[in-house]
Number of protein chains: 2
Amino acid sequence: MLELYHAEPASNSLKVLLCLKEKGIDFVSHLVNIQAFEQHEPQFLKINPDGQVPVLVHDGTVITESTVINEYLDQIFPSPPLRPADPLECARMRLFTKYVDEYFRPALSQIGWQLMIHTITDKLSREEFAAKLARIPREEKREKWRIAAAQGYTAEQMAAWRRTLAEGIGKMEAALAKGPWLAGPHYSLADIACFAMAAHMPGRFGDILNETVSPRVMDWHRRVRARPAVAAALAMPSPMQAAARKHGPAS
Amino acid sequence: MLELYHAEPASNSLKVLLCLKEKGIDFVSHLVNIQAFEQHEPQFLKINPDGQVPVLVHDGTVITESTVINEYLDQIFPSPPLRPADPLECARMRLFTKYVDEYFRPALSQIGWQLMIHTITDKLSREEFAAKLARIPREEKREKWRIAAAQGYTAEQMAAWRRTLAEGIGKMEAALAKGPWLAGPHYSLADIACFAMAAHMPGRFGDILNETVSPRVMDWHRRVRARPAVAAALAMPSPMQAAARKHGPAS
């Protein structure tokens with residue numbers, strides 16, 4: 001039996017959902033409300049002491065880290081293959097999944113935190129937020145949340161992260177000049193990793209991702225979205241977006 | 001034909017050398033003097049625009065990133081296998097190689113920079129160093145070098161990175177309680193990635209890595225060192241260490 005603990009269909013949670021749906025694998029979905037800090041609750045820390053989603057549980061064995069989970073899923077459910085058989089294409093795939101993990105996703109995540117943290121923390125007293133913070137297992141994450149909530153990041157930091165996003169989109173644009181998908185002729189975990197991050201970027205980051213600067217990425221984005229598995233993953237429950245619609249944009 | 005552009009046998013360069021030697025693969029070695037910033041010279045940037053070693057060139061095709069290179073080498077030269085056939089063990093392997101890339105190696109690298117940057121920069125005028133800095137392609141690296149050379153990192157930052165190293169050694173100790181090697185019964189790319197970082201840690205980081213705190217890691221370290229392939233990799237030219245021996249410890 002496969003179980004997935006995940007947040008709404010965005011970022012690293014979307015990454016694994018896209019892989020599961022592409023392969024048509026049945027799984028039990030456990031939605032974790034990361035806006036309510038459920039991933040740091042004691043019962044969740046028993047599953048993943050790092051306090052992070054997504055987490056795959058396969059017949060009782062826990063596997064963490066979305067990139068590792070997707071490689072694992074492709075190994076045990078090889079059809080359709082999402083890792084290119086050709087070693088060079090496979091290396092290109094891993095350069096993208098690694099780049100997403102080390103540069104693109106952290107930049108997107110820091111910007112996202114800065115923009116939305118107060119919609120979360122404003123509902124909490126100072127003491128409640130301090131208690132939530134204290135439960136975050138990883139020191140780097142604790143520090144990231146603390147700074148975002150307290151003074152916020154500097155304009156210089158935000159600009160640097162936006163340059164990283166532009167760099168990443170540039171890498172995608174260059175790769176798509178060579179083939180229809182990021183690693184070459186086949187849709188792969190590279191497309192999945194990048195789309196999981198870029199899914200909601202058009203519009204929100206219109207200066208970085210648009211028809212003039214990155215026409216191939218825009219076309220790729222439409223082709224990825226058109227895949228039935230992608231539509232199914234994006235249709236998974238999204239409590240944060242529902243709440244945002246209900247309460248309107250933060251003033 | 002395989003060519004490897006690499007620095008002395010330490011860190012990410014050692015990681016790929018360990019893999020090549022374990023498999024007994026012939027390759028042309030190009031030693032890049034990173035203490036002389038050769039990885040940022042225009043002729044090297046033509047090979048890897050990121051200005052980083054190691055770089056594998058296979059029949060003219062460039063592959064970057066040591067973790068990606070080692071997976072590639074294991075795919076094209078499958079004997080002896082360095083990725084476990086068992087999917088769960090393979091996932092454990094990747095959790096280690098990823099952890100090394102994202103946490104352990106950056107922590108070790110920042111500490112290393114702080115300790116040794118002045119042995120490099122003191123030989124340069126302020127203008128020469130500024131010119132070297134300006135050529136570093138990746139903004140994050142440029143900033144890391146600039147801060148280390150200028151004011152240095154804070155005691156708080158250095159302490160946080162030492163805690164990360166202790167956390168990493170703790171993860172290795174826990175894994176080695178379950179099997180002889182980090183991913184289970186087989187020597188794998190996980191052992192290679194961790195040893196590439198920990199090779200020179202006993203003694204230098206005696207408070208973090210010792211017989212009391214991490215006896216299994218110490219035993220593992222001896223078992224890894226005893227492998228002929230590891231001895232061969234560590235015996236590769238090491239200009240920096242030779243220079244340190246010649247000039248004595250920094251005053």
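Cut-offs applied
- Residues numbered from 1 in each chain as written.
- Chains lettered and ligands numbered in written order.
- Predicted model: local features only at pLDDT ≥ 70, side-chain atom pairs only at ≥ 80, totals over all residues.
- Helix = DSSP H or I, 4+ residues; strand = E, 2+ residues; numbered from the N terminus.
- Rg over C-alpha atoms; globule rule 2.2 N^0.38 Å.
- Buried ≥ 20, exposed ≤ 12 C-beta atoms within 10 Å, placed from the backbone.
- Contact = placed C-beta atoms within 7 Å.
- Expected span 1.5 Å × (residues − 1).
- Domains from an automatic or database assignment.
- Nonpolar A, V, L, I, M, F, W, Y, C, P; charged D, E, K, R; others polar.
- Pairing = 2+ DSSP bridges.

J.: Just to check I follow, could you spell out the overall build of chain A for this structure?
T.: Scanning chain A from N- to C-terminus turns up twelve helices and four strands. Its C-alpha atoms give chain A a radius of gyration of 18 Å, within 12% of the compact-globule value 18 Å for 251 residues. The burial tally for chain A puts 38% of its 251 residues in the buried class. A separation threshold of at least 6 residues defines the contact pool for chain A, and within that pool the share at least 24 residues apart is 70%.

J.: Looking at this structure, how should I read helix α3 (residues 66–76) of chain B?
T.: An α-helix turns once every 3.6 residues. As a result, residues three or four positions apart point the same way. For α3 of chain B, the tally of buried residues reaches nine of eleven residues, placing the bulk of the element in the interior. The set of residues buried in α3 of chain B consists of Ser 66, Thr 67, Val 68, Ile 69, Asn 70, Glu 71, Tyr 72, Leu 73 and Asp 74 of chain B. Buried residues along α3 of chain B sit against α4 (87–121) of chain A together with α1 (11–23), β3 (55–58), β4 (61–64), α4 (87–121) and α8 (189–198) of chain B.

J.: Could you clarify how one ought to interpret helix α1 (residues 11–23) of chain A in this entry?
T.: Residues and elements named next belong to chain A. Taking 1.5 Å of rise per residue, the 13 residues of α1 would be expected to cover 18 Å, and the 19 Å separating its terminal C-alpha atoms lies within 8% of that figure. Counting buried residues along α1, twelve of its 13 residues qualify, which places the element largely inside the surrounding structure. The complete set of buried residues in α1 reads Ser 11, Asn 12, Ser 13, Leu 14, Lys 15, Val 16, Leu 17, Leu 18, Cys 19, Leu 20, Lys 21 and Glu 22. Where α1 is buried, its residues meet β1 (2–6), β3 (55–58), α3 (66–76), α4, α8 (189–198) and α11 (228–234). Just beyond α1, the residue with positive phi is Gly 24, at close to 65°.

J.: Got a minute to help me understand the domain arrangement of chain A in this structure?
T.: A common way to express how large an interface is: the accessible area buried when the components associate. Residue and element names in this part refer to chain A. For chain A, the domain assignment lists domain 1 (2–82 + 237–247) and domain 2 (87–231). Distance from the C-alpha centre of domain 1 to the C-alpha centre of domain 2: 17 Å. The partner domain 2 presents 20 residues to the 20 residues of domain 1 that form the contact. Of all elements in the fold, only α1 and α3 reach the threshold of two or more residues within the side of domain 1 that touches domain 2. For the side of domain 1 that touches domain 2, the element with the most residues is α1, which contributes eight residues. Classifying every residue of the side of domain 1 that touches domain 2 by side-chain character gives eight nonpolar, seven polar and five charged.

J.: Mind showing me how you'd approach the interface of chain A and chain B here?
T.: Listed by partner, the interface residues are 22 residues for chain A and 22 residues for chain B. Mapped onto the side of chain A that touches chain B, the elements with two or more residues apiece are β4 (61–64), α3, α4 and α7 (155–176) of chain A. Broken down by element, the side of chain A that touches chain B gets its largest block of residues, nine residues, from α4 of chain A. Of the residues assigned to the side of chain A that touches chain B, the class counts are ten nonpolar, four polar and eight charged.

J.: How should the pairing of β4 of chain A be read in this particular structure?
T.: Along a regular strand, successive side chains alternate from one face of the sheet to the other. All names here are of chain A. Note that β3 and β4 share four bridges and pair antiparallel. Its bridge partner lying in β4, Leu 56 is registered against Ile 63. Count of turn residues in the β3/β4 antiparallel hairpin: two residues, of which Asp 59 carries a positive phi of about 50°.

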